[in-house]
Amino acid sequence: QVQLVESGGGMVQAGGSLSLSCAASGRTFNDHSMAWFRQTPGKEREFVAGLTWNGGRTFYGDSVKGRFTISRDNAKNTVSLQMNSLKPEDTAVYYCAARFPGHIIETRAYDYAYWGQGTQVTVSS
């Protein structure tokens, strides 16, 4: 079992930066791949970024490539998402997710078994 809690959301102007953090509990965190998704009302959950159990491989959605960076610290059981050059279209609820096995990054939400409660990110123009 993995429990996930996101933090760091908020409001920022376009062009600004925000950093999200996801704190995980559960003894098996280190063997799970992790990802960030986002969702706006009426739309499906969208893959943002993911990384393997040791952070050796990362993968990004096309809309955030070059602006967002995902990382993890297995010693602290945390996953982070650094978001730069934010745009109004990045406004969404951001979710942290975990799946096993940890050597595969999936981009579909239904492939992830564990989810946080979400944190709101609002980018004003």
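In the block above lies the structure referred to throughout.
Residues numbered from 1 in each chain as written. Predicted model: local features only at pLDDT ≥ 70, side-chain atom pairs only at ≥ 80, totals over all residues. Heavy atoms only, no water.

A. Up close: the overall build of the protein chain. When helices and strands are counted, the protein chain shows zero helices and 11 strands. Relative to the globule expectation of 14 Å for 125 residues, the C-alpha radius of gyration of the protein chain, 13 Å, shows essentially globular dimensions. C-alpha extents for the protein chain along the principal axes are approximately 40 × 30 × 25 Å. A total of 125 residues make up the protein chain; the buried ones form 43% of that total. (Helix = DSSP H or I, 4+ residues; strand = E, 2+ residues; numbered from the N terminus. Rg over C-alpha atoms; globule rule 2.2 N^0.38 Å. Buried < 20%, exposed > 50% of the residue type's maximum accessible area, 1.4 Å probe, protein only.)

B. Inspection of the state of the cysteines at higher detail. In total, this model carries one disulfide according to the counting rule given. Bridging cysteine 22 to cysteine 96, the disulfide has an S-S length of 2.1 Å. Since a negative S-S torsion denotes a left-handed disulfide, the cysteine 22-cysteine 96 link at about -80° is left-handed. Pair noted here: cysteine 22 is in strand β3 (residues 18-25) and cysteine 96 is in strand β9 (residues 92-99), with a separation of 74 residues, a long-range link. (Disulfide = S-S within 2.5 Å.)

C. The arrangement of the nonpolar core in detail. Judged by nonpolar contacts, the single largest core of 27 residues is most densely connected at Met34, Trp36, Leu81, Met83 and Tyr94. Those elements that provide at least two residues to this core are β3, β4 (33-39), β5 (46-51), β7 (68-73), β8 (78-83), β9 and β11 (119-124). Residues in contact with methionine 34, not counting those within four places in the same chain, are Leu4, Cys22, Phe29, Ala49, Gly50, Leu51, Ile70, Arg72, Val79, Cys96, Ala97 and Ala98. (Core = buried A, V, L, I, M, F, W, Y, C linked by side-chain atoms within 4.5 Å. Contact = heavy atoms within 4.5 Å.)

D. Spatial organisation of the pairing of β4. In terms of burial, β4 is a largely internal element, six of the seven residues being buried. When β4 meets β9, the two strands line up antiparallel, connected through seven bridges. Residue pairing across strands places tryptophan 36 opposite cysteine 96, the latter belonging to β9. Bridging between β4 and β5 involves five bridges; their strand directions are antiparallel. (Pairing = 2+ DSSP bridges.)

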